[in-house]
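# Residue-level structure breakdown
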Amino acid sequence: TEEGERGPECVQHLPQPFPDTSARIPAHRRLKYISLAVLVVQNASLILSIRYARTLPGDRFFATTAVVMAEVLKGLTCLLLLFAQKRGNVKHLALFLHEAVLVQYVDTLKLAVPSLIYTLQNNLQYVAISNLPAATFQVTYQLKILTTALFSVLMLNRSLSRLQWASLLLLFTGVAIVQAQQAGGGGPRPLDQNPGAGLAAVVASCLSSGFAGVYFEKILKGSSGSVWLRNLQLGLFGTALGLVGLWWAEGTAVARRGFFFGYTPAVWGVVLNQAFGGLLVAVVVKYADNILKGFATSLSIVLSTVASIRLFGFHVDPLFALGAGLVIGAVYLYSLPRGATKAIASTSASASTSGPCTHQQPPGQPPPPKLSSHRGDLSTEPFLPKSVLVK
């Protein structure tokens, strides 16, 4: 009969026992630690290297040229990676790029706006780091968490928990204390640095970062495309827009002195870090949950502060320590999964009212499924932009 013929097929589709994943746990844990190290080193080293290159005596390089070079190298790297994915077949790569970039030109044009904003942001970062100590910039730059959250609420109708709103208030308070310490003249200040201009640049950079990330998520939600294709498209727009910004801001000086004027090994280190460091983070960030990202940000603040003391003679006074501590605590609280505090509160309430839990599963019933602990789930981080942007 028909049912008899379908019997073996049904047997084949019976659920199989779950494989033993205990052997993969140490490997996954190692990947998390590696991703933590990469995130910390990249976050801290980029800011420290820019500060070092911008404060060296002698001819100062044009920041707009460094932004353009980073976009060029990033785009070429993504092109090579796509070439490798096509197994070295030039024809297949050309057909793929023609389809993805030209035929689907609407998706390509959607990237023009975030690319413009991120090009502006990269230039503003040079202005900010040139006028603020690296540790002060690192702390103040965490305002991008606040701007991203606000734009997520306004543009994506996301909601934040009370703990998240409290952590944002704590974050703002900590940044305000650090800036009060900076305005009060904490430590020696070079004559060619303007803390007011640095603060304005970092605030504008945080606003652009928050808006671009949320806008990117809004317009590209549901669209296909690998991380390398998206960054190649961003690199094309970023190079073109960076050249326009170079011509508008420093065109005459660059034409007179040359594109690579003032370039030293330290400057090339900044360019390479900005181009390849971001791509490396894009690879490892999938192994980092939200808490790990927050922990990496906190460690990078500490590392930048310690390195600034050794490299630039930065002075840490109690006011800066208080502000930085508040920011680190706020970052950690904000990175907690959304349901963590509710779960803790409900567990505590049930324990206090009914005593020890004595509930047992009825005989013959399967155990209830465990909730996923994967922090990348939208249910645990509804306020973070899901983008493949490498800034």
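The model shown is predicted, which means the values in this text are computed figures rather than measured ones.

Rules and cut-offs
Residues numbered from 1 in each chain as written. Predicted model: local features only at pLDDT ≥ 70, side-chain atom pairs only at ≥ 80, totals over all residues. Heavy atoms only, no water. Helix = DSSP H or I, 4+ residues; strand = E, 2+ residues; numbered from the N terminus. Buried < 20%, exposed > 50% of the residue type's maximum accessible area, 1.4 Å probe, protein only. Contact = heavy atoms within 4.5 Å. Areas by Shrake-Rupley, 256 points an atom, 1.4 Å probe, with all protein chains shown as cover. Phe/Tyr/Trp six-rings, centres within 6.5 Å; stacked < 30°, edge-to-face > 60°. Lys NZ or Arg CZ within 6 Å of the ring centre and 35° of its normal. Axes fitted to C-alpha atoms, helices over the stretch in contact; angles between N-to-C directions. Parallel < 35°, antiparallel > 145°, perpendicular 65-115°, else oblique. Left-handed = near helix turned anticlockwise from the far one by under 90°. Nonpolar A, V, L, I, M, F, W, Y, C, P; charged D, E, K, R; others polar. Salt bridge = Lys/Arg side-chain N within 4 Å of Asp/Glu carboxyl O. UniProt positions renumbered as here; feature names shortened; annotations may be inferred. Polar contact = N/O pair within 3.5 Å; in protein donor to acceptor, adjacent residues only side chain to side chain. Core = buried A, V, L, I, M, F, W, Y, C linked by side-chain atoms within 4.5 Å.

## Observations regarding the overall build of the protein
What the protein contains, in helices and strands, is 15 helices and zero strands. Within the protein, the proportion of its 391 residues that are buried is 43%. Long-range contacts, defined here as pairs at least 24 residues apart, represent 87% of the contacts in the protein between residues at least 6 apart. Just so you have it, the protein exposes about 21,300 Å², and 67% of that area is on carbon and sulfur atoms.

## Re the packing of aromatic side chains
Here the structure, examined in full by the defined rule, presents eleven aromatic pairs. Ring centres of F211 and Y215 lie 5.8 Å apart, and the angle between their planes is 20°; this geometry places the pair in the stacked category. Here F211 and its partner Y215 are both found in helix α10 (residues 195–220), four residues apart, which amounts to about one turn of the helix. Its end group placed over the ring of F61, R54 keeps NZ or CZ at 4.9 Å from the ring centre. Here the basic side chain of K86 rests over the ring of F96, its NZ or CZ set 4.3 Å away from the ring centre.

## Considerations on the packing of helix α3 (residues 63–85) against helix α11 (residues 227–257)
Two numbers describe how α3 lies on α11: the axes approach to 8 Å, and their chain directions differ by 160°. Considering their axes alone, α3 and α11 lie roughly antiparallel with respect to each other. In this structure, α3 crosses over α11, and the sense of that crossing is left-handed. A breakdown of the residues in the contact of α3 with α11 according to their chemical character gives 14 nonpolar, ten polar and three charged.

## Structural notes on the environment of P337
With respect to the helices, strands and loops of the structure, P337 is situated in the loop between α14 (318–335) and α15 (340–354). Relative accessible area serves as the criterion here: at 13%, P337 is assigned to the buried category. In sequence terms P337 and Q164 are 173 residues apart; their C-alpha atoms lie 9.9 Å from each other.

## Looking at the pattern of salt bridges
This model, assessed by the stated rule, comprises two salt bridges. Linking E71 and K74 is a salt bridge whose minimum nitrogen-to-oxygen distance equals 3.7 Å. With E71 and K74 both in helix α3, this residue pair falls three residues apart, about one helical turn. With relative accessibility at 8%, the residue E71 sits in the buried group. D107 is the salt-bridge partner of K110, the closest N and O atoms lying 3.7 Å from each other. Of this pair, K110 and D107 both sit in helix α5 (residues 105–110), three residues apart, roughly one helical turn. Take K110: its relative accessible area is 29%, and that puts it in the partly exposed class.

## Section: the UniProt feature "transmembrane region" (unreviewed entry) in the protein
Per the UniProt entry, the sites bearing "transmembrane region" (unreviewed entry) are residues 33–54, 60–83, 165–184, 196–216, 228–248, 260–285, 292–313 and 319–336 in this numbering. Helix and strand shares over residues 33–54 are 100% and 0% respectively, and the end C-alpha atoms of the span are 32 Å apart. In residues 228–248, the share of helix is 100% and the share of strand is 0%. The end C-alpha atoms are 30 Å apart.

## Considering the side chain of T305
Along the chain, T305 falls in helix α13 (residues 290–312). From its side chain, T305 meets the backbone oxygen of I301 in a polar contact 2.8 Å long. Not counting residues within four places of it along the chain, the set of residues in contact with T305 comprises A135, V316 and F320.

## Topic: the environment of A94
Residue placement: A94 occurs in helix α4 (residues 90–103). Since its relative accessible area comes to 43%, A94 is described here as partly exposed. Measuring from C-alpha to C-alpha, the distance between A94 and F83 comes to 9.3 Å, with eleven residues separating the pair along the chain.

## Observations concerning the nonpolar core
One recurring pattern in soluble globular proteins: nonpolar side chains tend to sit buried together. Core analysis: the biggest nonpolar cluster contains 48 residues, and Y126, F137, L168 and L171 have the highest contact counts within it. Once residues lying within four places of it in the same chain are set aside, the contact partners of F137 are I47, Q125, A128, I129, L132 and V202. Core analysis: the second largest hydrophobic core is formed by nine residues, C78, L82, W228 and L232 among them.

## Overview of the environment of L76
Locating L76 in the fold gives a position in helix α3. Judged by its relative accessible area of 47%, L76 falls in the partly exposed class. C-alpha of L76 to C-alpha of G235: the two residues are 159 residues apart in sequence and 8.4 Å apart in space.

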